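Observations on the model geometry
Spelled out, the chains give:
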Amino acid sequence: MKRLILLFSFVLASCSTTVPVKMDFPKAPAELKEPCPDLRLIEPDTTKLSEVVLVVAKNYEQYQECQVKVDSWSQWYDKQKKIFEQVK
Amino acid sequence: MITWIVEHILLVFPSWFWIVFSGVGAIIYFFSDSISLIPAVVPYSKFAKAIGGIMLLVGVYLDGGAGVTATWKQEVKEMQAKVARAEQESSTANTEVQTVFKEKTKVIHDVQVVIQEKIGKDSGKMDANCVLDPVVIEDLNLAAKGKKK
């Protein structure tokens, strides 16, 4: 019996296989990696409403750009995850 | 180390070689007793049995190894093709996301340019009847910084 076990373990020893090919998770576009900037501040000595409105409008622009960036991140991740999971 | 040696041996010989090798081993092993009937070969019969047994074992082992290696190579090939296809799809998806991001950002910027021009034009009306107290600026800046007063 011992001899048989030894024989089978020897004969089956070459049956172990693992495929050494794998896909690395892709790198995200550099544009998406840039952090959102801080909101612009109004000059402390400003007394004009138009200057305040202008800074507020520029801050809205920054927010909208950041919103697009977050949406793009989400889309990028969903797409890449789907592709990545196909390779299994 | 053993795997490395086995893989190199398998590369040298064709897969059918191991079937023939183990077959020859089996013949030697099973007929070694019959050889002992010939007086001149008697001293070699036990030696031949051992060699035949080893040849049979090694042949079966390496034939199995050759089969597994062939399957394994096929799997590697399929996986490599799959990965190459996925990398291409991934690159296309990256480009799509980048393009949409750039287009949307450009639209936001273009709209803001128009709005800021309008603010510039309307500044006279805005500033004519309104003088801001410094506390307005202070409060707005605090809100922008996101810190407590």
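A quick note: this is a predicted structure, and the numbers were derived from the prediction, not measured.

Moving on, we get to the overall build of chain A. Regarding its fold elements, chain A presents 3 helices and 0 strands. Counted from the first residue to the last, chain A has its helices and strands arranged as α-α-α. In chain A, which comprises 88 residues, the proportion classed as buried is 8%.

Assigned secondary structure in chain B consists of 4 helices and 0 strands. Overall, chain B shows an N-to-C arrangement of helices and strands of α-α-α-α. Within chain B, buried positions represent 12% of all 149 residues. When contacts within chain B are restricted to residue pairs at least 6 apart in sequence, long-range pairs at least 24 apart make up 67% of them.

All right, on to the packing of helix H2 (residues 15-35) of chain B against helix H3 (residues 42-128) of chain B then. Residue and element names in this part refer to chain B. Where H2 contacts H3, the two axes come as close as 7 Å, and the packing angle between them is 160°. On the basis of their axis angle, the class for H2 and H3 is roughly antiparallel. Note on packing geometry: the crossing formed by H2 with H3 is left-handed. Partitioning the contact of H2 with H3 into residue classes produces 16 nonpolar, 8 polar and 3 charged.

All names here are of chain B. The contact between helix H1 (residues 2-12) and H3 brings their axes to 10 Å, and the two run at 85°. Put simply, H1 runs roughly perpendicular to H3. Taking contact as the criterion, the partners of Val6, Glu7, Ile9 and Leu10 in H1 are, on H3, Leu62, Gly65, Ala66 and Thr69. Residue composition of the contact of H1 with H3, by class: 5 nonpolar, 2 polar and 1 charged.

This part is about the interface of chain B and chain A. In this assembly, 41 residues from chain B lie in contact with 38 residues from chain A. Looking at the side of chain B that touches chain A, the elements that each hand over two or more residues are H3 and helix H4 (134-145) of chain B. Broken down by element, the side of chain B that touches chain A gets its largest block of residues, 33 residues, from H3 of chain B. The residue makeup of the side of chain B that touches chain A, split by class, is 24 nonpolar, 11 polar and 6 charged.

Moving on: the confidence of the model for chain B. For residues with low pLDDT, the predicted coordinates do not support detailed interpretation. With 98% of its residues at a pLDDT of 70 or more, chain B shows a mean pLDDT of 87. Our summary of model confidence lists the complex with pTM equal to 0.68 and ipTM equal to 0.75.

Rules behind the numbers
Residues numbered from 1 in each chain as written. Chains lettered and ligands numbered in written order. Predicted model: local features only at pLDDT ≥ 70, side-chain atom pairs only at ≥ 80, totals over all residues. Helix = DSSP H or I, 4+ residues; strand = E, 2+ residues; numbered from the N terminus. Buried ≥ 20, exposed ≤ 12 C-beta atoms within 10 Å, placed from the backbone. Contact = placed C-beta atoms within 7 Å. Axes fitted to C-alpha atoms, helices over the stretch in contact; angles between N-to-C directions. Parallel < 35°, antiparallel > 145°, perpendicular 65-115°, else oblique. Left-handed = near helix turned anticlockwise from the far one by under 90°. Nonpolar A, V, L, I, M, F, W, Y, C, P; charged D, E, K, R; others polar. pLDDT = per-residue confidence, 0-100.

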